[in-house]
Amino acid sequence: MSGEHGGPAASIAAEVRHVETLLEQRGLVNSAELDTALQAFLARANPANGARVAARAWLDADFRARLLTDANESLADLGLSMGGGLQEQRLKVVQNTEDVHNVIVCTLCSCYPIALLGPSPTWYKSEAYRSRVVREPRAVLAEFGFALDPATAITVWDASAESRYLVLPRRPAGTENLDEHELAALVTRNGLIGVAAI
Amino acid sequence: MTERFAPGERVRTSRVDPSHHTRLPRYARGAVGTVVEIQGSYPLPDDRARGVASEPEPVYTVRFTARELFGGGEHSVTVDVWQTHLRRCDDAGNGNP
Amino acid sequence: MSRINDVGGMQGFPEVGPQADEAPFHSDWEAHVFALNRALIGHGLYSLDEFRDAIERMPPARYLESSYYEKWFHAVTTLLVEKGVLTAAEVAGD
């Protein structure tokens, strides 16, 4: 496929199409079904799910306690599950406090709570983030414009097995009068990964 | 496979350096940490990636200090480790794998 | 020592953020590779561990110069050939 016009991007797009066509001819995949499955998956798995989890946890102490001890079970309260991947994954929610800040990473590949956050951003999968955040997390946070209080300790969670991690950020000050929907609107994907404050 | 370690226990990771797939990162090999929790039991990916039959075994969240892993730093790092790759660590630091 | 994917703690990589572009897919072909891989694992053609292994077996220089979904596509085609679904010549379009 090296004779393609339009540079490397056009070339790999053609290669992917070519392989997909071969698999379709063998009856292994159906392009229309792939499209439908992808759209359905993306509609279900996006950061709004994680934001709802955080907002509920801020408002409901009982939910928060269950979320921190058995996250998978508590997701059902919100009609969510960790089944957005190929099989249901174990979820571990780690709570930020005044004393401890949590950050998640997968140094070996790109493990991520995809059912709650959707496909991960490009930087999360980069060798730069994966190599550096376990060794110098405070410097990496600063590169995201996040100046964490020097008195706050950091725990980095490397998702090297079957669990997926989600950070429960601290509730911002001055939000006492907001409802769950309004709180969820404040929560960002980066906050749920641990590279930003809310 | 039964659980060999309990939360709070000190463990040392294996120094394995296999030529095949493994989920024990290089930076956390041969290091001493503390068991945070037991995640459940899962087949060993070292085997599954090679098509070798594998019984589920306990997986632990293990907390390490940055000082232990990198010789410096104030933070801690948790790594999720299959039981195969863990040994009990006595206080003299002789948890030979 | 370890394979090239095992970068945790390695030094020399550049700064990380802030990122202007955080989109999961930058073009259609990336979404297609994502969907294709899910379908093939879902069909039981190979496991997630075999898929990761196929990425890790990439020659180090190629791993580092490939984008995320280029690595995925490399692994998908590697496994399709190794599992006897397609020949290398077919994948290459010969």
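Residues numbered from 1 in each chain as written. Chains lettered and ligands numbered in written order. Predicted model: local features only at pLDDT ≥ 70, side-chain atom pairs only at ≥ 80, totals over all residues.

**Side note on the overall build of chain B**
- Within chain B, the regular secondary structure consists of two helices and five strands.
- Starting at the N terminus and walking to the C terminus, you meet the elements of chain B as β-β-α-β-α-β-β.
- By the compact-globule yardstick of 13 Å for 97 residues, chain B fits well, its C-alpha radius of gyration being 13 Å.
- Projecting the C-alpha coordinates of chain B onto the three principal axes gives extents of approximately 40 × 25 × 25 Å.
- By the burial criterion, 38% of the 97 residues in chain B qualify as buried.
- Contacts in chain B between residues at least 24 apart in sequence constitute 55% of all its contacts with a sequence separation of at least 6. (Helix = DSSP H or I, 4+ residues; strand = E, 2+ residues; numbered from the N terminus. Rg over C-alpha atoms; globule rule 2.2 N^0.38 Å. Buried ≥ 20, exposed ≤ 12 C-beta atoms within 10 Å, placed from the backbone. Contact = placed C-beta atoms within 7 Å.)

**Considering the pairing of strand 4 (residues 163-168) of chain A**
All names here are of chain A.
- Among the six residues that make up strand 4, six are buried, leaving the element largely enclosed by the rest of the structure.
- The side-chain alternation of strand 4 yields two buried faces, one formed by Ser-163, Tyr-165 and Val-167 and the other by Arg-164, Leu-166 and Leu-168.
- Relative to strand 4, strand 1 (residues 90-95) runs parallel, the two being bridged by six bridges. Along strand 4, the bridge assignment pairs Leu-91 with Arg-164. (Pairing = 2+ DSSP bridges.)

**Considering the interface of chain C and chain A**
- Counting residues at the interface gives 40 residues for chain C and 40 residues for chain A.
- Every element with two or more residues in the side of chain C that touches chain A is listed here: helix 1 (28-42), helix 2 (48-56), helix 4 (68-82) and helix 5 (88-92) of chain C.
- Ranked by the residues each element gives to the side of chain C that touches chain A, the list is headed by helix 1 of chain C, at eleven residues.
- Here the residues of the side of chain C that touches chain A are counted per class, giving 20 nonpolar, eleven polar and nine charged. (Nonpolar A, V, L, I, M, F, W, Y, C, P; charged D, E, K, R; others polar.)

**With respect to the nonpolar core**
- A:Ala54, A:Ile104, A:Val105, A:Val156 and B:Val81 are the most contacted members of the largest nonpolar core, which totals 68 residues.
- Sort the elements by how many residues they give to this core and helix 3 (residues 47-59) of chain A lands first, with six residues.
- The residues touching A:Ala54, leaving out its near neighbours within four places in the chain, are A:Leu168, A:Pro169, A:Val187 and A:Leu192.
- Residues A:Ile12, A:Leu23, C:Ala54 and C:Leu80 belong to the second largest nonpolar core, which totals 25 residues. (Core = buried A, V, L, I, M, F, W, Y, C linked by C-beta atoms within 7 Å.)

**With respect to the interface of chain C and chain B**
- Each partner contributes residues to the interface: chain C has eleven residues there, and chain B has ten residues.
- The class makeup of the residues in the side of chain C that touches chain B is one nonpolar, four polar and six charged.

**Things to note about the sheet that holds strand 3 (residues 57-65) of chain B**
- Taken in spatial order, the seven strands of this open sheet run 2(A)-3(A)-4(B)-3(B)-2(B)-1(B)-5(B), and their pairing is mixed. Taken across any chain shown, the strands that pair with only one partner, and hence form the sheet edges, are strand 2 (100-105) of chain A together with strand 5 (86-88) of chain B. Here the strands of the sheet are splayed against their neighbours by 35 degrees on average, with no regard to which way each runs. (Axes fitted to C-alpha atoms, helices over the stretch in contact; angles between N-to-C directions.)

**Let's talk about the packing of helix 2 (residues 31-44) of chain A against helix 1 of chain C**
- Their axes nearest at 10 Å, the elements helix 2 of chain A and helix 1 of chain C cross at an angle of 100 degrees. With respect to helix 1 of chain C, the element helix 2 of chain A is oriented roughly perpendicular. Residues A:Leu34, A:Ala37 and A:Leu38 of helix 2 of chain A pack against C:Ala31, C:Ala35, C:Leu36 and C:Ala39 of helix 1 of chain C.
- Here the residues of the contact of helix 2 of chain A with helix 1 of chain C sort into seven nonpolar, no polar and no charged. (Parallel < 35°, antiparallel > 145°, perpendicular 65-115°, else oblique.)

**A few points about helix 4 of chain C**
Residues and elements named next belong to chain C.
- Its 15 residues give helix 4 an end-to-end C-alpha distance of 21 Å, which sits within 8% of 21 Å, the value for a rise of 1.5 Å per residue.
- Helix 4 sits mainly inside the fold: eleven of its 15 residues count as buried.
- Restricting attention to buried positions, one finds in helix 4 the residues Tyr-68, Tyr-69, Lys-71, Trp-72, Phe-73, Ala-75, Val-76, Thr-77, Thr-78, Leu-79 and Leu-80.
- Positioned one or two residues after helix 4, Gly-84 has a phi angle of 80 degrees, which is positive. (Expected span 1.5 Å × (residues − 1).)

**Describing the confidence of the model for chain C**
Residues and elements named next belong to chain C.
- Looking at chain C as a whole, the pLDDT averages 92, with 95% of positions reaching at least 70.
- Ranking the elements of chain C by mean pLDDT puts helix 1 last with 94 and helix 4 first with 97.
- Across the assembled chains, the prediction reports ipTM 0.93 with pTM 0.94. (pLDDT = per-residue confidence, 0-100.)

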